[in-house]
Amino acid sequence: MEEIMNQNKAAAGELAGKVALVTGASRGIGRGIAGKLAAQGAVVLVNYNGSEQRAREVAKEIINAGGHAECIGCDVSDFTACGGMVEYIMEKYGRIDILVNNAGVTRDNLIMRMSEEDYDRVLDINLKGAFNTIRHLSKYFLKQRSGKIVNISSVSGVMGNAGQANYSASKAGLIGLTKSVARELASRGVCVNAVAPGFIDTEMTQALSQKAREAGVAAVPMGRMGSVEDIAEIVAFLAGNKSDYITGQVICVDGGMAI
Ligand code: NAP
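Now for a description of the structure that goes with this document. Keep in mind that this is a model prediction, so the values were computed, not measured.

**Examining the nonpolar core**
Then, in step 1: In this structure, I33, L37, V44, V46, V100, V195 and V235 are the most contacted members of the largest nonpolar core, which totals 34 residues.
Then, in step 2: Every element with two or more residues in this core is listed here: β1 (19-22), α2 (28-39), β2 (43-48), α3 (52-64), β3 (68-73), β4 (98-101), β5 (147-152) and α10 (228-239).
Then, in step 3: With 8 residues, the single largest contributor to this core is α10.
Then, in step 4: When sequence neighbours within four positions are dropped, the list of residues in contact with V100 reads L21, V22, T23, I33, L37, V150, I152 and V235.
Then, in step 5: With 30 residues, the next largest nonpolar core counts C74, M85, L177 and A182 among its residues.

**A closer look at the side chain of N193**
Then, in step 1: Note on placement: N193 falls in strand β6 (residues 190-197).
Then, in step 2: The exposure class assigned to N193 is buried, which follows from its relative accessible area of 1%.
Then, in step 3: There is a polar contact of 3.0 Å between the side chain of N193 and the backbone oxygen of I246.
Then, in step 4: Polar contacts involving the side chain of N193 include one to the main-chain amide nitrogen of Q249, which spans 2.9 Å.
Then, in step 5: Filtering out sequence-adjacent residues up to four positions away, N193 remains in contact with I149, V150, N151, T178, L238, I246, T247, G248 and Q249.

**Looking at α3**
Residues that lie three or four places apart on an α-helix share one face, since the helix turns once every 3.6 residues.
Then, in step 1: The terminal C-alpha atoms of α3, which comprises 13 residues, lie 18 Å apart, in line with the 18 Å expected from a rise of 1.5 Å per residue.
Then, in step 2: Positive backbone phi, approximately 95°, marks G66, located one or two places after α3.

**A short note on the environment of L37**
Then, in step 1: Mapped onto the elements, L37 comes out in helix α2.
Then, in step 2: The spatial distance from the C-alpha of L37 to the C-alpha of I111 is 38 Å, given a sequence separation of 74 residues.
Then, in step 3: Here L37 is in contact with L15, A20, V22, A42, V44, I98, V100, A236 and A239, once residues within four sequence places are set aside.

**Let's talk about the site of the ligand**
Then, in step 1: Near the ligand you find 32 residues, and of these S51, D75, N102, Y167 and T202 are the closest.
Then, in step 2: Separating an oxygen atom of the ligand from a backbone N or O atom of N102 is a distance of 2.7 Å.
Then, in step 3: In this structure, Y167 approaches the ligand through a side-chain N or O atom, which is 2.5 Å from an oxygen atom.
Then, in step 4: When the ligand sits alone it has 890 Å² of accessible area, and the protein chains cover 95% of it.
Then, in step 5: Within the residue set of the shell around the ligand, elements represented by two or more residues are α2, β2, α7 (165-185) and α8 (203-206).
Then, in step 6: Of the residues forming the shell around the ligand, the biggest block, 3 residues, is contributed by α8.
Then, in step 7: Residues belonging to the shell around the ligand are distributed by class as follows: 14 nonpolar, 14 polar and 4 charged.

**Topic: the pairing of β6**
Then, in step 1: For β6, a buried count of 8 out of 8 residues is recorded, marking the element as mostly surrounded by other parts of the structure.
Then, in step 2: Burial along β6 is two-sided: the face carrying V190, V192, A194 and A196 and the face carrying C191, N193, V195 and P197 are both buried.
Then, in step 3: The sheet contact formed by β5 and β6 spans 6 bridges and is parallel. Opposite N151, over in β6, you have A194 as the bridge partner.
Then, in step 4: Note: β6 against strand β7 (residues 250-253), 4 bridges, orientation parallel. Within the sheet, the bridge partner assigned to V195 lies in β7 and is I251.

**Structural notes on the pairing of β1**
Then, in step 1: The side-chain alternation of β1 yields two buried faces, one formed by V19 and L21 and the other by A20 and V22.
Then, in step 2: Inspection of the sheet shows β1 paired to β2 by 4 bridges, in the parallel sense. Its bridge partner being in β2, V19 is matched across the sheet by V43.
Then, in step 3: After leaving β1, the chain enters α2 and then returns to the sheet as β2, a path that is right-handed.
Then, in step 4: Pairing analysis gives 3 bridges linking β1 to β4, with the strands arranged parallel. Note that in β4 the partner of V22 across the bridge is V100.

The rules behind the values
- Note on numbering: residues in each chain are counted from 1, in written sequence order.
- Local features in a predicted model are, by the rule used here, given only for residues with pLDDT of at least 70; side-chain atom pairs are given and counted only at 80 or more, and totals for whole chains, interfaces and linings are based on all residues.
- By convention in this description, side-chain values take in all heavy atoms of the structure and omit both hydrogens and water.
- We define a nonpolar core as any set of buried Ala, Val, Leu, Ile, Met, Phe, Trp, Tyr and Cys residues linked to one another through side-chain atoms lying within 4.5 Å.
- Categorising residues by exposure relies on relative accessible area from a 1.4 Å probe, with only protein chains included: less than 20% of the type maximum marks a residue as buried, more than 50% marks it as exposed, and the intermediate range marks it as partly exposed.
- Every helix listed is a DSSP run of H or I at least four residues long, and every strand listed is a run of E at least two residues long, numbered separately from the N terminus.
- Contacts: residue pairs with any heavy atoms within 4.5 Å of one another.
- Pairs of N or O atoms within 3.5 Å make up the polar contacts considered here, provided that, within protein, one atom can donate a hydrogen while the other can accept it, and that residues adjacent in sequence are counted only when both atoms are side-chain atoms.
- An expected span of 1.5 Å times one less than the residue number is assigned to each helix.
- In these notes, residues near a molecule or strand are those with any non-hydrogen atom within 4 Å of it.
- Areas reported here follow the Shrake-Rupley algorithm with a probe of radius 1.4 Å; residue values treat only the protein chains shown as occluding.
- Gly is placed with the polar residues, together with every amino acid not listed as nonpolar (Ala, Val, Leu, Ile, Met, Phe, Trp, Tyr, Cys and Pro) or charged (Asp, Glu, Lys and Arg).
- Note: two strands are recorded as paired if DSSP finds a minimum of 2 bridges between them.
- A right-handed crossover is one whose linking path, passing over the helix from the first strand to the second, runs clockwise when the strands point away from the viewer.

And the structure:
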């Protein structure tokens, strides 16, 4: 692994020599973030839960483009499994510099009809999943006296959204987690920020009805959906050195939705 790390340090790019873990990187926004960080020189650990084949394709795409990537399966809602994932990365690569908590799910319903199971599962993945990775990783970040954590929240967590009480609660919780951990780790040079995407074209939003998609676009002042690249770009900025004096912030990338 030392060889990869040395080659990687020699690679061009703002993130050369860095190791990044991106959760939920088998598709959608996570896939875009993984590709962007790798293109900037980072070794990228492509986390997935159910979509192993697709995660392998993401890693293959990065490697074919001259980057370094490895897939790592783990359900982020499982505290012990997250500990195992972090230990594996530390043993193999000796460091982690960037953690992107992107894994997320929706189980939408009106509050009157929302099941306890759907509430719990969304909170377990979207919010506790981020706690799990941060909890296991923070000791290494503290020791390194550097690190970048980027949590993918949502405008739903900023504004609320009818039919998404579970999702909005998880994403608002993620903002509280971001700000608290940012305060705890700031003095050790670790930055913790959140990105709150608006209405982004991925499988998550493709699963919505045509009517819901139209209503979503109508709520965007810029009048269009955002792309995976729009999010990956800001995450790469928050993961790199140019954002070293930014912590505890929530950056809405939403075409003006949350104005
Ligand atoms: P997506 O296309 O549905 O992808 C979700 C990703 O999360 C998949 O890679 C999935 O991996 C992973 N995942 C789900 N459960 C997991 C678990 N238990 N452990 C590990 N990984 C898990 O969604 P997306 O649109 O790209 O969304 C990515 C993030 O952005 C989410 O946090 C979402 O809430 C947020 N976001 C999206 C939008 C939007 O408009 N799309 C807006 C605001 C915020 P597997 O298939 O391998 O399980």
